[in-house]
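Structure assessment
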Amino acid sequence: MLETIQGHLYDFPRYYDLVFGSDWKAELDFLLAAFAKHAGRPVKSLFEPACGTGRLMFRLAKAGYRVAGLDLNERAVKYCNDRLLRHGFRPTAFVADMSDFTLPRPVDAAFNMINSFRHLLDQKSSQAHLRCVADCLKPGGLYLLGLHLTPTTTQPLDEESWSAQRGNLCVNTRLWSTERNLKQRVEHCRMTFDVFTPTRGFRIEDTVRFRTYTRRQALELIRRVESLEIVATYDFAYDVDAPIQVDDATEDVVFVLRKT
Ligand SMILES: C[S@@+](CC[C@H](N)C(=O)[O-])C[C@H]1O[C@@H](n2cnc3c(N)ncnc32)[C@H](O)[C@@H]1O
């Protein structure tokens, strides 16, 4: 039996970065291709609300973009800034709530790729988030927003597990949905992370709540923010040559929103 810690993965940025880091290349390539294809302006400055460890931010900085981000979690922000500094960039991540922020200067594009938006548990904060993002974009600027939808014509996937390794560190992850209340629009998920280092093995047990979105609920929310228009939709295959038509069976979507 592994020693077990009840905690949040977001408080362990090194493990977070490994667990959710492996897809970075596909996401990065997709972001760059989507900026080129859909932005109504040249894209040089970027912002990531809920940036976490900044696994995409520092790579975008290396690719020549001016990047900044925010996150509610101080440890994630510190990890993100330390890494930016290590790579010779300014520590531009800051602690803030993604439903209540402003930027000193508007940016060309923003992104939020893997469900972080669903941490906002009510209509007020999710709408406020979209308005904050819209306000920090230049005209023609983009917001790439990736999230899981609740399909209404098929049974949603309830469990995922995967393994990730970097050097001597290995983390085996299992994530499953324990309750989905579509009336209250909240999904409870349990996650276990089995962490193995050369000297230690232990488990982190985490519980996360997400707001649920059917296709219709997501579209209705976006429509409330007049200055953002949907210009394309993709799925988590991150293929910019393969836009998707979102329907009631769609489980994951990246909305490409453009500031009018
Ligand atoms: C799934 S992680 C994504 C991190 C990063 N965007 C990435 O792609 O790796 C979700 C992040 O959302 C942050 N978060 C949750 N609620 C937030 C809020 N209200 N404002 C800002 N960040 C928030 C968490 O601290 C966590 O770092």
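Every chain's residues receive numbers from 1 upward, in the order its sequence appears when written. At least 70 in pLDDT is required for a residue's local features to be given in this predicted model, at least 80 for side-chain atom pairs to be given and counted, and no such filter applies to totals for whole chains, interfaces and linings, which use all residues.

A separate point is the overall build of the protein. Secondary structure counts use DSSP, requiring at least four H or I residues in a row for a helix and at least two E residues in a row for a strand, with both numbered from the N terminus. Within the protein, the secondary structure is distributed over six helices and twelve strands. Here the C-alpha atoms of the protein give a radius of gyration of 18 Å, agreeing with the 18 Å that 2.2 N^0.38 yields for 260 residues. With the C-alpha coordinates aligned to their principal axes, the bounding extent of the protein is approximately 55 × 50 × 35 Å. Our exposure labels follow a C-beta count within 10 Å of each residue's own C-beta, placed from the backbone: buried means 20 or more other C-beta atoms, exposed means 12 or fewer, and partly exposed covers the counts in between. Within the span of the protein, comprising 260 residues, buried residues form 35% of the whole. What counts as a contact here is a pair of residues whose C-beta atoms, placed from the backbone, lie within 7 Å. A separation threshold of at least 6 residues defines the contact pool for the protein, and within that pool the share at least 24 residues apart is 68%. The globule rule used for comparison is 2.2 Å times the number of residues to the exponent 0.38, while the radius of gyration itself is calculated over C-alpha atoms.

Bringing the site of the ligand into the picture now. Residues in contact with the ligand amount to 21 residues; listed here are only the nearest, Ala-50, Gly-52, Asn-73, Met-98 and His-119. Residues of the shell around the ligand, tallied by class, amount to eleven nonpolar, six polar and four charged. The rule is simple: place the C-beta atom from the backbone, and if it lies within 6 Å of a molecule or strand, the residue is near it. All amino acids are sorted into three groups, where Ala, Val, Leu, Ile, Met, Phe, Trp, Tyr, Cys and Pro are nonpolar, Asp, Glu, Lys and Arg are charged, and the leftover types, Gly among them, are polar.

It is worth spelling out the nonpolar core at this point. Counting 52 residues, the largest nonpolar core has Ala-109, Ala-110, Tyr-143 and Leu-144 as the members making the most contacts within it. For this core, the leading source of residues is strand S6 (residues 137–148), giving six residues. Every residue in contact with Ala-110, bar those within four places of it in the chain, is listed here: Leu-46, Phe-47, Glu-48, Pro-49, Val-133, Cys-136, Leu-137 and Tyr-143. Think of a nonpolar core as buried Ala, Val, Leu, Ile, Met, Phe, Trp, Tyr and Cys residues, each tied to the set through C-beta atoms within 7 Å.

With that out of the way, let us pick up unusual backbone geometry. Even without being a glycine, Arg-185 presents a positive backbone phi close to 60°. Its place among the elements puts Arg-185 in the loop between strand S8 (169–181) and strand S9 (186–196). Overall, Arg-185 belongs to the partly exposed group, with 18 C-beta atoms counted inside 10 Å. The residue Tyr-238 is not glycine, and still its phi comes out positive at about 55°. Among the secondary structure elements, Tyr-238 is positioned in the loop between strand S11 (228–234) and strand S12 (252–259).

Now for the domain arrangement of the protein. Where each domain starts and ends comes from a domain assignment, either automatic or drawn from a database. Entries for the protein in the domain assignment read domain 1 (9–151 + 214–259) and domain 2 (152–211). Contact with domain 1, which involves 18 residues of that partner, is made by 20 residues of domain 2. The element that contributes the greatest number of residues to the side of domain 1 that touches domain 2 is helix H1 (residues 13–19), accounting for three residues. For the side of domain 1 that touches domain 2, a count of residues per class yields nine nonpolar, six polar and three charged.

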